[in-house]
Amino acid sequence: MRIARIATVEGMIFCSVEGEGDDIVCRQIDGHPFGEPTLTGKEWPLADVRLLAPILAPKVVAVGRNYADHVAEVFKKGSEHLPPTIFLKPPTAITGPGSPIRIPDFATNVEFEGELAIVIGRPVKNVAAENWRDAVLGYTIVNDVSSRDLQFSDGQWARAKGLDTFCPMGPWIETNVDALDLEGLPIRAHLTHDGTTTVKQDSNSNQMIKSVPEIIEWVSQAFTLLPGDVISTGSPAGTAQMVPGDEIEIEIPGLGSLKNPVVKA
């Protein structure tokens, strides 16, 4: 099932997303999406509603330095010297598909990072890697927007990666945990600048240093994970600066695409 959060004339609701292309229909879910979803019978064409971030995560746990090629391009060192690390993005950084990424004046070198993300389905702690499916509601896409100037001047990443709107998420959650080939999943980012669209990231989840099961085990050792928490699994190489007037689209087969314009805050 694909689960989305949408804005309708009746307010914000969770829904099941069914169909493809111009025939997508959003069918209302009664209450929250955890457990066995119950449909109310109400439905809307996707064109008549607005997609929101699919979940307002209590916390976004992000994995940094999880692709060796990205470590080399950003930090100019090998991943053997800079292993994967964990950081947090605040809930106020979350924004949805089509919503603008707002860059403040003091962030002068802002880059996109297209990433596969895991949505947690129930409270868990100390999950063994072989039991990773027990913790997962599904998958979505995250753009781990990062201000490189702040990242290196601050010496830690909270401000650089946690500014308002610096965590676009969506378009929905795919709850079939076996629907994606996690060991061979393409991840691409398309940057549109001055009317020209260029593929920047063109990589694959098989380049991860820590796999999804390993990430869930590692993160759950550190934090109790709650329903709706999101774990973003790291960025491959190809990240680049984006400026107001640009548009960035992250594409992962099976999850769709996450597109956001870039504006000045």
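Residues numbered from 1 in each chain as written. Predicted model: local features only at pLDDT ≥ 70, side-chain atom pairs only at ≥ 80, totals over all residues. Heavy atoms only, no water.

For clarity, the cut-off: UniProt positions are given in the numbering used here, feature names are shortened, and annotations may be inferred rather than shown by experiment.
As recorded in an unreviewed UniProt entry, the chain goes by Putative 2-hydroxyhepta-2,4-diene-1,7-dioate isomerase and comes from Corynebacterium kroppenstedtii. Of the chain, the UniProt comment under Sequence similarities (unreviewed entry) reads exactly: "Belongs to the FAH family."

### Topic: the state of the cysteines
Note the cut-off: When two cysteine sulfur atoms are found within 2.5 Å, that pair is recorded as a disulfide. Each residue is assigned to one of three classes by its accessible area relative to the maximum for its type, calculated with a 1.4 Å probe on protein chains only: buried under 20%, partly exposed between the two thresholds, exposed over 50%.
The full count for this structure, using the stated rule, is zero disulfides. Not part of a disulfide, Cys-26 finds its nearest cysteine sulfur in Cys-15, a span of 3.9 Å. Classification of Cys-26 by relative accessible area gives buried; the value is 0%. Cysteine Cys-167 is unpaired, with the sulfur of Cys-15 as its nearest cysteine sulfur at 20 Å.

### Section: the side chain of Asn-143
As a reminder, the rule being used: Secondary structure elements are taken from DSSP: a helix is a run of H or I of four residues or more, a strand is a run of E of two residues or more, and numbering for both begins at the N terminus. The term polar contact refers here to a pair of N or O atoms within 3.5 Å; inside protein, the definition further demands a hydrogen-donor-capable atom paired with an acceptor-capable atom, and it admits residues adjacent in sequence only when both atoms are side-chain atoms. By definition in these notes, contact holds between two residues if any of their heavy atoms fall within 4.5 Å.
Structurally, Asn-143 is set in strand β12 (residues 136-143). According to the relative accessible area criterion, Asn-143 is buried, its value standing at 1%. For Asn-143, the side chain forms a polar contact with the main-chain nitrogen of Glu-113, separated by 3.0 Å. Ignoring sequence-local partners within four residues, the contact set of Asn-143 consists of Ile-101, Phe-112, Glu-113, Gly-114, Phe-166, Cys-167, Pro-168, Ile-248, Ile-250 and Leu-258.

### Side note on the UniProt feature "domain: Rv2993c-like N-terminal" (unreviewed entry) in the chain
Cross-referencing UniProt, the feature "domain: Rv2993c-like N-terminal" (unreviewed entry) maps to residues 1-54 in the present numbering. Taken end to end, residues 1-54 comprises 0% helix and 56% strand; its first and last C-alpha atoms sit 13 Å apart.

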